[in-house]
Amino acid sequence: MKQNSLNPFNSLYRTESISTSEFVSLFSPVLLKESLVQRLFEPGNVILCGLQGSGKSALLNLLEPQVLVEYLNSSHTWPLPAHCSRFVAASITLRSSGALLFGQRAIEGVPDDNERVIGLYFADFLNYWIVSDLIEKLQLLFSEDGKLLASKIGLDTRPKLLDEFALNLSSDACWLGALEGVGTFEQLKNAVEIRIRKYENFLNYNSDFPEEFSRTKTGAGEPIAVAADCLRNVGILPDDVPVLVTIDQFEDLMDLERDISDNGRPIFRRVIWKMLGNRDDRVSYRVGARLYSLDKGIHSLRGSATVEEMREVNVVNLDDLLQARESRVSLFPEFCDDVLRRRLLEAGYGGVAKKAVRQLFGPRATPEKKVEEFITKSRANVVSRTGPFDHTIREALVGIAERDPISAKLGEAWVRQNSKKQAISATDIVREPWSSRQWWKKERKQQALLQVFSACGQKSVWYGSGDIVNLAGRNILTFLSMCQFVWAELLRSMDEGPIDLPKDIDPVIQTLGINSASDYWFRKIKAEPKGGDDRNRFVNELGNFFREKLLRDRNMSYPGNNGFSLPLRDVEDESVIDDFLSDCVAFGVLESRPHTPKSRSRGQSEKWYLSPILSPHFQIPAAHIKEPYYATIQEVAAWMKNSGVVTVGISSDARAIRRSRQEERDTSQLQFPFDE
């Protein structure tokens, strides 16, 4: 039924709260085209990471047997190759499992020892919880509902094998006697559930700490591996079918660690690292994590558990996968189209095109089109009253501005850049010599657009499929939030919601919605953990700095100054700045990428840009063109200081290192090594 009065995008995390039948309709398989993502369905440990809302949980849900059963029983086709459908899976979502209760009460009532032992009990809880989930999945596969899936996988589902499995598993030494006396599958299920309930009762202050737990703590991951072994030994599971275990919301363990450890040591994350680092191929783990929970990568959490990338674990970063590179087209625009189309179909709208983003928001809006539609008066104001030109040249530029304000603004910049090198007359201006300089124009159009809107006293506008996809910045949650705000504006403009599918939504409505979405994402930075308030103020300082530079640069000599570049060696010398910028990237408020500077003396460099969705809030271009602003480490320290970020500034040690490095370079240049 069509829900005309409702917003189809009200629930941004729709795939996390719907039934399996709805999931298979709503799930977009576009990301599965990436071969790296297919590793989730093959043997081997995988860390699936990305920013909030990048699609991690939806991908991990695809591993649930209930979802596979739904695909088999519905008209929807399993969106992966056949070899990626043969597995048995168990899973734990840390937030909903009760695992986070470990922050509520000290184990054994001895706070001084709590940090030392709590990780051991947390590992024990995870073992029991995951084995319990595996038992539940086996019940499904042995039932009438799971019969077809079990057959596809190749499982032997004779009922007596479940009791044999239970007997084998409960008698293993890994349980340290905790499952003694268990002889049937039903008894195994009850014993495991009782252990979990005892943990929950203790952590919720409903009981004392169960004394037997101190003698029967299981090793991280061992019972899960033994359970997989037993499934194969009794003949239920063929040797070539992997057991996959999903652990989602890894980042939530950081809050738990702050509650337990004064120094925020990764007590609980190390437990999972140990599971991955066991080099035990009986079980393959999938860990869903946000980037910031991995600090600067998986190696920083080593501690007593070593994890080596490409050996014990493969890292699949969704943000990297969706980034366009030379000769590699990003899947993100197609992902947006598919997600939008499925949402609109679910809401009851018909006639949704494959290119749904273009259908709903219209074609890409060029700077000329934006000016044509929104700048209707005071076009003479586009041309400055002062400059390196006389009134005849200004009159010629104003004449162009009446027809094409963007060209007039580019013309003014061209005059400013060339007036000292050549004589320029009004006759030259009328011929618009800058119009033939294709790349010069292209690189400056967004800056010209910014200056035109500012000169006319108007806010910039954002609309059309191009803006919507670019501002989303490869994050599907950001894209859906823009759809949500635009649709909300659409509903406000009507007495009753759209009866039929809207097309080419009014640019004014789109602009209002996009501006609201941008403001929301700017405010949201504050609510993020681990210094969100600091990042919010820093981004504010940076956004205003870029806007001022782009507006004051009337020569348009630096159109790429909506980002900044730093030599990597300077960043690495300043650990406080390095950590802060890394956190900004991990939380998605900045984007970074390697950068080749104009001057070789700067060495290997990195460049940083604001997340594209913040561009409307600061009224700066989102496109990344030309050279970024070449900042110094002192300037970045000053931005941090101005925004109230706690920093010691440039340390004396770092200054000494840089002086020494510079002296070495100077000495080397003076030696003139002709003999080499």
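Predicted model only: the values in this text are computed from it and were never measured.

A. View of unusual backbone geometry. The phi dihedral of glutamine 249 falls on the positive side, at around 65°, and the residue is not glycine. As for its position among the elements, glutamine 249 is in the loop between strand S3 (243–248) and helix H10 (252–260). A residue is classified by how much of its surface remains accessible, and glutamine 249, at 14% relative accessible area, is buried. Phi is positive for lysine 626, close to 55°, though the residue is something other than glycine. For lysine 626, the location among the structural elements is in the loop between helix H26 (615–618) and strand S9 (629–630). Note on lysine 626: relative accessible area 39%, which makes it partly exposed.

B. Quick look at helix H17 (residues 405–418). For H17, with 14 residues, the first-to-last C-alpha span of 20 Å sits near the 20 Å given by 1.5 Å per residue. With 13 of 14 residues buried, H17 is to be regarded as a mostly interior element.

C. Representation of the layout of surface pockets within the structure. Here the largest pocket defines a volume of roughly 1600 Å³. If you go around the largest pocket, you meet 47 residues; those closest to its centre are Pro333, Arg364, Gly466, Val469 and Asn470. Counting only elements with at least two residues in the lining of the largest pocket, the list comes to helix H13 (332–346), helix H14 (356–361), helix H15 (367–374), helix H19 (438–455), helix H20 (464–472), strand S7 (590–595) and strand S8 (605–610). A class-by-class count of the residues in the lining of the largest pocket yields 17 nonpolar, 10 polar and 20 charged.

D. Fine view of the sheet that holds strand S6 (residues 563–567). The strand order S7-S8-S6-S9 describes an open sheet built from 4 strands, whose pairing is mixed. Two strands close off the open sheet at either side, each with one partner strand: S7 and S9. This element, helix H23 (residues 532–552), spans S6, S7, S8 and S9 of the sheet and lies at about 95° to S8. This element, helix H25 (residues 575–586), spans S6, S7 and S8 of the sheet and lies at about 115° to S7.

E. Local environment of the side chain of arginine 286. Considering the arrangement of structural elements, one finds arginine 286 in strand S4 (residues 284–290). For the buried residue arginine 286, which engages in no salt bridge, the nearest side chain bearing the opposite charge is glutamate 42, 7.2 Å off. In this structure the side chain of arginine 286 is engaged in a polar contact, spanning 2.5 Å, whose partner is the backbone oxygen of glycine 44.

F. Region of interest: the environment of isoleucine 92. Its place among the elements puts isoleucine 92 in strand S2 (residues 88–93). Look at isoleucine 92 and you get buried, because its relative accessible area is 1%. Along the chain, isoleucine 92 and leucine 256 lie 164 residues apart, while their C-alpha atoms are 16 Å from each other. If near-sequence neighbours (up to four positions away) are discounted, isoleucine 92 is found in contact with Ser97, Leu126, Trp129, Ile130, Thr246, Ile247 and Asp248.

Cut-offs used in this document
Residues numbered from 1 in each chain as written. Predicted model: local features only at pLDDT ≥ 70, side-chain atom pairs only at ≥ 80, totals over all residues. Heavy atoms only, no water. Helix = DSSP H or I, 4+ residues; strand = E, 2+ residues; numbered from the N terminus. Buried < 20%, exposed > 50% of the residue type's maximum accessible area, 1.4 Å probe, protein only. Expected span 1.5 Å × (residues − 1). 1 Å grid on protein atoms, 1.4 Å probe; cavity = no way out; pocket = protein on both sides within 12 Å on 5 of 7 lines; lining within 4 Å. Points joined across faces, edges and corners; volume = space filled by probe spheres on them. Nonpolar A, V, L, I, M, F, W, Y, C, P; charged D, E, K, R; others polar. Pairing = 2+ DSSP bridges. Contact = heavy atoms within 4.5 Å. Axes fitted to C-alpha atoms, helices over the stretch in contact; angles between N-to-C directions. Lys, Arg positive; Asp, Glu negative; His and termini not counted. Salt bridge = Lys/Arg side-chain N within 4 Å of Asp/Glu carboxyl O. Polar contact = N/O pair within 3.5 Å; in protein donor to acceptor, adjacent residues only side chain to side chain.

Any functional reading would require information beyond the geometric quantities listed.
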